[in-house]
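Coordinate inspection notes
Next come the chains, spelled out residue by residue.
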Amino acid sequence: MSERVAVRKTYKLFIGGKFPRSESGRSYLVQSSNVSLASRKDARDAVVAARAAVKGWAGATAYNRGQILYRAAEMLEGRREQFVALGVPGDEVDAAVDRWVWYAGWADKLAQVYGGANPVAGPYFNISAPEPTGVVAVVAPERPALLGLVSVIAPAIVSGNTVVVAASPSEPLAAVTLAEVLATSDLPGGVVNILTGAITETAPALAAHMDVNAIDLSGVTDTSLATDLEVRAAENLKRVLRPAPADHDWSVDPGLARMTALLETKTVWHPKGV
Amino acid sequence: MFEYAPAPESRSVVDLKPSYGLFIDGTFVDPTDGGSFKSINPASEEVLAEIAEAGAQDVERAVRAARKAYDKVWGPMSGRDRAKYLYRIARLIQERSRELAVLESLDNGKPIRESRDVDLPLVAAHFFYYAGWADKLSHAGFGPNPRPIGVAAQVIPWNFPLLMLAWKIAPALAAGNTVVLKPAETTPLTALLFAEICQQADLPAGVVNIVTGAGDTGRALVEHTGVDKVAFTGSTEVGRAIARSVAGTSKKLTLELGGKAANIVFDDAPIDQAVEGIVNGIFFNQGHVCCAGSRLLVQENVADRVLESLKRRMAQLRVGDPLDKNTDVGAINSAAQLERIRELSDAGSAEGAERWSPPCELPERGFWFAPTIFTGVTQAHRIAREEIFGPVLSVLTFRTPAEAVEKANNTPYGLSAGIWTDKGSRILWMADRLRAGVVWANTFNKFDPTSPFGGYKESGYGREGGRHGLEGYLNV
């Protein structure tokens, strides 16, 4: 009896909850697979999908967002071996699962920790609460491809932002596989969009896009590219997270900073009286 | 309008010098290249004083002084002692508040009623509030050991000269940073008097440095490689340029920029209160307010009633001498700003909106603009999109709450918004949907040191005031 011929997977983009090929029809060979080479148009399409998802995701209850992020951790745990088969160390998969769970729990606590009542000198009710900034463009760390990716996506979406992520160009398979995890986690389409391909092609389009509210440059290693992206981002005053140091250890406790950098604080006043 | 006898506040409390130097390393010094400019009273065009203009070398001296003070004195000092200096400053501001208020009105043109009752109490309160944080930073929620950033370059506008100084300097010093601050070129005087207060408080030399000048001085300051933090309040256009200039550096940046706030009046709002709020929203400080309620969105079925009442109220506004205690609306801050207000107002008429001002006699000398409203404004009109920064209100109408949200958010800005309605659930529904950093419900233009202030979108990033205001001055 002859050995069964395997069914191979086509690695595609993840935009608006669907898995399209690049509109440009291009791919590149990496990790022994043909992976979509996203174009500037794909980046713009992803921003449209991300913007369309903001209302529902930011408007969902914090409890609901936490449930969905936790569900993503469950799905990731279940696919552990699949990531290991792609070359992701088992420890890294475990750490990525734990990070999803950690961030999932923040969904309904962030407003209490980061917001609060302000004791103004007058008869006014006054309260400050964090809100998502909107659409966040993210350049994911080159590696660790899975833990780095989870560590930049989770803090952005837990508060209600939606993201367009430029995945690690040299190790994109973990990103496309994570998209499959997210697609089966009740995460609404468009909340996370993942582009594979060249950072130099997608990131400038995202940095200059007028409907993007913030950009996380964590994975940018070329300092002149980082400066160029920050200059582009200034056009509509995007919130900017600068590149992570080359020796950044993605396994340490990330603290609140990645979440709070992508939040707006809204303060509401109302007079007290009878 | 009732005739009131003039009730001018005395100028004698202010001791104006003919000329002022730069405040660097604890003393007033002459600028290296000897440049200067004049600060004038916008209500009379009288020259108030000759002000030193800081060049690149002066900025260099100031940054170096701030660095030395950070390394040697202010950085190593305990939070408890930093707090005491800030409390001293707060007390001195209270003690000299009349002098500061009169000087502010002279240099800026704002009514003494506002500088005395709004600006100065808030300035002192701001220093008091942040003084208390100086020895409690590890409890501020930014981790167990938050550190200062270093030398802060701060550039502030002319609309609330001393209040903006307080918003910048108080949190910076409380967090352990030292500062080089550039006041606006049309309103440097209260910042220079503040420098004297720093001397009087025996604040260590170099902790606060004040460099006066215009755009070039500001550019030299924010682009200086020796600064670790840049804080700017002003126009979105300049904010963008600063964001570009810090790209690729490790400088931390906070920006408080322009606005085009919607003040939304529903048909169930108490009309008289709403009209007071509309007037306060746009005519407070001559409309020179980044969070001014410059777009009135009024529900269609009460638009006529609201406008009639608003016009009646506007006819009672007293425009004139800023030092007169009866004055409601003072002078426009500068000839250049007056020109911008005129240009945009003319565009409003040219684009088809209907212009109205109450009968209003304006003084002959100085820069004046009568309180003005435009009705029949559409969202495409320049006066509905661009920040006028003057006493000019654009009136638009809406039918449903959803339409009000849509119109209110239809702007690249997102600094503030107002809601007037008697229905609590509608306030909260609206507040959730308005993309603005401050939402005033059944009130407007309220400020407090404990209350974070700052914008969404192109109104900038970072917050000033409250616990949040510390974050921009700490490495967390």
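Residues numbered from 1 in each chain as written. Chains lettered and ligands numbered in written order. Predicted model: local features only at pLDDT ≥ 70, side-chain atom pairs only at ≥ 80, totals over all residues.

1. A word on the overall build of chain B
Rule in force here: A run of DSSP states H or I qualifies as a helix once it reaches four residues; a run of E qualifies as a strand once it reaches two. Both are numbered from the N-terminal end. The size measure is the radius of gyration over C-alpha atoms, and the globule rule it meets is 2.2 Å times the number of residues to the 0.38 power. Every C-beta atom is placed from the backbone, and the number of other C-beta atoms within 10 Å of a residue's own sets its class: buried at 20 or more, exposed at 12 or fewer, partly exposed in between. A pair of residues counts as a contact when their C-beta atoms, built from backbone coordinates, are within 7 Å of each other.
Scanning chain B from terminus to terminus reveals 15 helices and 20 strands. Against the 2.2 N^0.38 benchmark of 23 Å for 476 residues, chain B shows a C-alpha radius of gyration of 22 Å, consistent with a compact globule. For chain B, the proportion of its 476 residues judged to be buried stands at 59%. A separation of at least 24 residues holds for 72% of the contacts in chain B among residues at least 6 apart in sequence.

2. Structural notes on the overall build of chain A
Looking only at helices and strands, one finds 10 helices and 10 strands in chain A. In terms of overall dimensions, chain A is globule-like: its C-alpha atoms have a radius of gyration of 19 Å, near the 19 Å expected for 274 residues. Projected onto its principal axes, the C-alpha positions of chain A cover 85 × 40 × 35 Å. Every one of the 274 residues in chain A was classed for burial, and the buried ones make up 53%. Long-range pairs, those at least 24 residues apart, make up 78% of the contacts in chain A with a sequence separation of at least 6.

3. Some details on the sheet that holds strand β14 (residues 354-356) of chain B
Rule in force here: DSSP bridges decide pairing: two strands pair if at least two such bridges lie between them. To get an axis, fit a line to the C-alpha atoms, keeping to the stretch in contact for a helix; angles then go from 0 to 180 degrees between the N-to-C directions.
Spatially, the 10 strands line up as an open sheet ordered β3(A)-β4(A)-β10(A)-β18(B)-β17(B)-β12(B)-β13(B)-β16(B)-β15(B)-β14(B), and their pairing is mixed. Of all strands in the sheet, those bounded by a partner on one side alone are β3 (116-117) of chain A together with β14 of chain B. Looking at chain direction, strand β12 (residues 262-265) of chain B and strand β17 (residues 416-420) of chain B are connected through 4 bridges and run parallel. When the bridges of β17 of chain B are listed, asparagine 263 of chain B appears paired with glycine 418 of chain B. Of the strands in this sheet, β14, β15 (372-375) and β16 (392-398) of chain B are in contact with helix α11 (residues 335-350) of chain B, which crosses β14 of chain B at around 130 degrees.

4. What to know about the environment of isoleucine 278 of chain B
Residues and elements named next belong to chain B. Along the chain, isoleucine 278 falls in helix α9 (residues 271-283). Under the C-beta neighbour-count criterion, isoleucine 278 is labelled buried, with 27 such atoms within 10 Å. With 248 residues separating them along the chain, isoleucine 278 and aspartate 30 place their C-alpha atoms 46 Å apart.

5. Focus: the pairing of strand β2 (residues 33-36) of chain A
The two faces of a sheet get side chains in turn, since along a regular strand they alternate between them. Residue and element names in this part refer to chain A. Pairing of strand β1 (residues 27-30) with β2 involves 4 bridges; the strand directions are antiparallel. For tyrosine 28, the partnering residue across the bridge sits in β2 and is valine 35. Between the end of β1 and the start of β2, which pair antiparallel, lie 2 residues, with glutamine 31 showing a positive phi angle near 50 degrees.

6. Considering the domain arrangement of chain B
Residue and element names in this part refer to chain B. Selection criterion: Those domain boundaries reflect an automatic or database domain assignment. Three categories are distinguished: nonpolar for Ala, Val, Leu, Ile, Met, Phe, Trp, Tyr, Cys and Pro, charged for Asp, Glu, Lys and Arg, and polar for the others, with Gly belonging to the last.
Taken domain by domain, chain B consists of domain 1 (19-257 + 456-475) and domain 2 (262-441). One C-alpha centre belongs to domain 1, the other to domain 2, and the line joining them spans 30 Å. Across the contact, 21 residues belong to domain 1 and 27 residues belong to domain 2. For the side of domain 1 that touches domain 2, the secondary structure elements donating two or more residues are α3 (97-108) and α4 (112-133). Its residues assigned to classes, the side of domain 1 that touches domain 2 shows 7 nonpolar, 7 polar and 7 charged.

7. Regarding the interface of chain A and chain B
The interface is formed by 28 residues belonging to chain A together with 32 residues belonging to chain B. Among the elements of the structure, β4 (124-132), α9 (223-233) and β10 (263-271) of chain A are those that each provide at least two residues to the side of chain A that touches chain B. It is β10 of chain A that contributes the most residues to the side of chain A that touches chain B, 8 residues altogether. Here the residues of the side of chain A that touches chain B sort into 13 nonpolar, 10 polar and 5 charged. Across 3 bridges, β10 of chain A lies against strand β18 (residues 438-441) of chain B in parallel orientation. Directly across from tryptophan 269 of chain A, in β18 of chain B, lies its bridge partner tryptophan 440 of chain B.

8. Some remarks on the sheet that holds strand β5 (residues 47-52) of chain B
Residue and element names in this part refer to chain B. Spatial ordering of the open sheet is given by β1-β5-β4, a layout of 3 strands whose pairing is mixed. Looking at the sheet topology across the chains shown, the edges are occupied by β1 (19-20) and β4 (36-40). Summarising the sheet, β4 and β5 pair through 5 bridges and their orientation is antiparallel. In the sheet register, isoleucine 40 faces β5, and the bridge partner there is valine 47.

9. Points about helix α4 (residues 90-106) of chain A
Residues and elements named next belong to chain A. Defined as follows: How far a helix is expected to stretch is found by multiplying one less than its residue total by 1.5 Å.
Helix length check: α4 (17 residues) gives 25 Å between terminal C-alpha atoms against 24 Å at 1.5 Å per residue, within 8%. Restricting attention to buried positions, one finds in α4 the residues Glu92, Val93, Ala96, Val97, Arg99, Trp100, Tyr103, Ala104 and Trp106. Buried residues along α4 sit against α2 (62-78), α3 (80-85), α5 (110-114), α6 (145-157) and α10 (257-260).

10. With respect to the environment of alanine 233 of chain A
Residues and elements named next belong to chain A. Note on placement: alanine 233 falls in helix α9. For alanine 233, a count of 24 C-beta atoms within 10 Å puts it in the buried group. Residues alanine 233 and alanine 207, spaced 26 residues apart in sequence, show a C-alpha to C-alpha distance of 4.9 Å. When neighbours within four sequence positions are excluded, alanine 233 is seen to be in contact with Ala207, Ile215, Lys238 and Val240.

11. Thoughts on the environment of tryptophan 250 of chain A
Residues and elements named next belong to chain A. Residue placement: tryptophan 250 occurs in the loop between β9 (239-241) and α10. C-beta crowding within 10 Å serves as the criterion here: with 21 such atoms nearby, tryptophan 250 is assigned to the buried category. Along the primary structure tryptophan 250 and leucine 147 are separated by 103 residues, whereas in three dimensions their C-alpha atoms are 7.1 Å apart. Leave out the neighbours within four places in its chain, and tryptophan 250 touches Pro141, Pro144, Leu147, Gly148 and Ser151.

12. Focus on the packing of helix α2 (residues 79-95) of chain B against α4 of chain B
Residues and elements named next belong to chain B. We apply this condition: Roughly parallel means an angle under 35 degrees; roughly antiparallel, over 145; roughly perpendicular, 65 to 115; everything else is oblique. If you view the pair so one helix is near and one far, a crossing is left-handed when the near helix is turned anticlockwise from the far one by less than a right angle, and right-handed when it is turned clockwise.
The contact between α2 and α4 brings their axes to 8 Å, and the two run at 165 degrees. When the interaxial angle is binned, α2 and α4 end up roughly antiparallel. Where α2 crosses over α4, the two elements pack in a sense that is left-handed. Two secondary-structure elements touch here, α2 through Ala83, Leu86, Tyr87, Ile89, Ala90, Ile93 and Gln94 and α4 through Val123, Ala124, Phe127, Phe128, Tyr130, Ala131 and Gly132. For the contact of α2 with α4, the residue count by class is 12 nonpolar, 2 polar and no charged.

13. Regarding the pairing of β4 of chain A
Residues and elements named next belong to chain A. Across the two faces of β4 the burial differs, with Tyr124, Asn126, Ser128, Pro130 and Pro132 buried and Phe125, Ile127, Ala129 and Glu131 not buried at all. Note: β3 against β4, 2 bridges, orientation antiparallel. Looking at the pairing, alanine 117 lines up with isoleucine 127 of β4. What sits between β3 and β4 in their antiparallel hairpin is a turn of 6 residues. Of the pairings in the sheet, the one linking β4 to β10 comprises 9 bridges and is antiparallel in character. Bridge pairing links tyrosine 124 to proline 271 in β10.

14. Points about unusual backbone geometry
Residues and elements named next belong to chain A. In this chain, arginine 143 is followed by proline 144 through a cis amide linkage whose omega measures 5 degrees. Considering the arrangement of structural elements, one finds proline 144 in the loop between β5 (135-139) and α6. Phi at glutamine 31 takes a positive value of approximately 50 degrees, unusual for a residue other than glycine. Mapped onto the secondary structure, glutamine 31 falls in the loop between β1 and β2. Note on glutamine 31: 14 C-beta atoms within 10 Å, which makes it partly exposed. Of note in the backbone geometry, aspartate 186 takes a positive phi value of approximately 65 degrees without being a glycine.

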